[in-house]
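# Structural overview
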Amino acid sequence: MTNVIEIKCPGCGARLQIDQKECEFCHAPVIISTMSDAFSLSAQNLSKYQKSYEDDLKENPDNAELNNSLAFCYLKLGFYDKALEKFDKAIEQDLNNSETYLYAAVCVLAGRKPFLTPRPEIDKIEKYINAALMIEEKGLYRYFQAYIKYDYFKRKFFKTTPAWEECLAQAKADGFSPSDVNQLFSILKQEIPSCM
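Residues numbered from 1 in each chain as written. Predicted model: local features only at pLDDT ≥ 70, side-chain atom pairs only at ≥ 80, totals over all residues. Heavy atoms only, no water.

### Here's the deal with the packing of helix H5 (residues 98-109) against helix H6 (residues 119-135)
- Closest axis-to-axis distance for the H5/H6 pair is 8 Å, and the angle between their directions is 165°. By the angle class used here, H5 and H6 are roughly antiparallel. For the element pair H5 and H6, the recorded crossing hand is left-handed. On H6, the residues touching Ser98, Tyr101, Leu102, Ala104, Ala105, Val108 and Leu109 of H5 are Glu121, Lys124, Ile125, Tyr128, Ile129, Ala131, Ala132 and Ile135.
- Residues belonging to the contact of H5 with H6 are distributed by class as follows: 12 nonpolar, 1 polar and 2 charged. (Axes fitted to C-alpha atoms, helices over the stretch in contact; angles between N-to-C directions. Helix = DSSP H or I, 4+ residues; strand = E, 2+ residues; numbered from the N terminus. Parallel < 35°, antiparallel > 145°, perpendicular 65-115°, else oblique. Left-handed = near helix turned anticlockwise from the far one by under 90°. Contact = heavy atoms within 4.5 Å. Nonpolar A, V, L, I, M, F, W, Y, C, P; charged D, E, K, R; others polar.)

What follows is the structure, encoded as structure tokens:
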């Protein structure tokens, strides 16, 4: 027997099933499934979505989609610890969402440069990135990996394999959009290194 999960539309409050992509009444997206979705929302709408997901999670605390959606809201707002908690909860329920791992890694940086991040946290970031890459080879994931390897390992003169240049070459081969990179560095609150 399938368990049907109903949630409130974050846009208008109508009761909907979680598998609906768009509200039939206000035509707002029901679930934020990517960081791009979160970036497309105004600050006011982002706040509405956050509150709606928090309320819906009270009834369905183990739902991966709701935890992931709330994590994207928190991340856009800069609440890294809260976002990481929700991304980890989403990973517990759904091991196959590569984007969740990527943005969990971003949360560990918490707006800091990798160079200034303690090694145990860098190790955690690498585990998340490697998990994302095992699920799906994406240029943006390799680009982020290259950034970590450049800003932490190269700048501290530590050897690592693959080297940041190899990761960057693979990212370019896999393909990524400049807008995705700009969005990623906007979340990181860092400048894109000139060598990248």
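### So, the side chain of Asn60
- As for its position among the elements, Asn60 is in the loop between helix H2 (43-59) and helix H3 (64-77).
- Ignoring sequence-local partners within four residues, the contact set of Asn60 consists of Ile5, Glu6 and Leu66.

### Regarding the environment of Ser42
- Mapping Ser42 onto the fold places it in the loop between helix H1 (35-39) and H2.
- Residue classification places Ser42 among the partly exposed residues on the basis of a relative accessible area of 37%.
- Within the structure, the side chain of Ser42 is placed 3.2 Å from the backbone nitrogen of Asn45, a separation counted as a polar contact. (Buried < 20%, exposed > 50% of the residue type's maximum accessible area, 1.4 Å probe, protein only. Polar contact = N/O pair within 3.5 Å; in protein donor to acceptor, adjacent residues only side chain to side chain.)

### What about unusual backbone geometry?
- Pro162 follows Thr161 through a cis peptide bond whose omega is -10°.
- Within the secondary structure layout, Pro162 lies in the loop between helix H7 (139-154) and helix H8 (164-174).
- Phi at His27 takes a positive value of approximately 65°, unusual for a residue other than glycine.
- Mapped onto the secondary structure, His27 falls in the loop between strand S2 (15-17) and H1.
- Backbone geometry at Phe157 places phi at a positive 60°, although glycine is not the residue there.

### Things to note about the packing of aromatic side chains
- Inspection of the entire model under this criterion finds 10 aromatic pairs.
- Taking the centre distance of 5.3 Å and the plane angle of 80° together, the rings of Phe72 and Phe87 count as edge-to-face. Here Phe87 lies in helix H4 (residues 80-93) and Phe72 lies in helix H3, a separation of 15 residues in the sequence.
- The class for Phe87 is buried, based on a relative accessible area of 0%.
- Residues Phe72 and Tyr103 carry aromatic rings whose centres are separated by 5.8 Å and whose planes lie at 75° to one another, so their mutual orientation is edge-to-face. Separated by 31 residues along the polypeptide, Phe72 in helix H3 and Tyr103 in helix H5 bring together distant segments of the chain.
- Among the aromatic residues, those joined into a cluster by ring pairs are Tyr143, Tyr147, Phe176 and Phe185.
- Seen from the ring of Phe79, Lys82 lies directly overhead, with NZ or CZ sitting 5.7 Å from the centre.
- Its end group placed over the ring of Phe153, Lys149 keeps NZ or CZ at 5.6 Å from the ring centre. (Phe/Tyr/Trp six-rings, centres within 6.5 Å; stacked < 30°, edge-to-face > 60°. Lys NZ or Arg CZ within 6 Å of the ring centre and 35° of its normal.)

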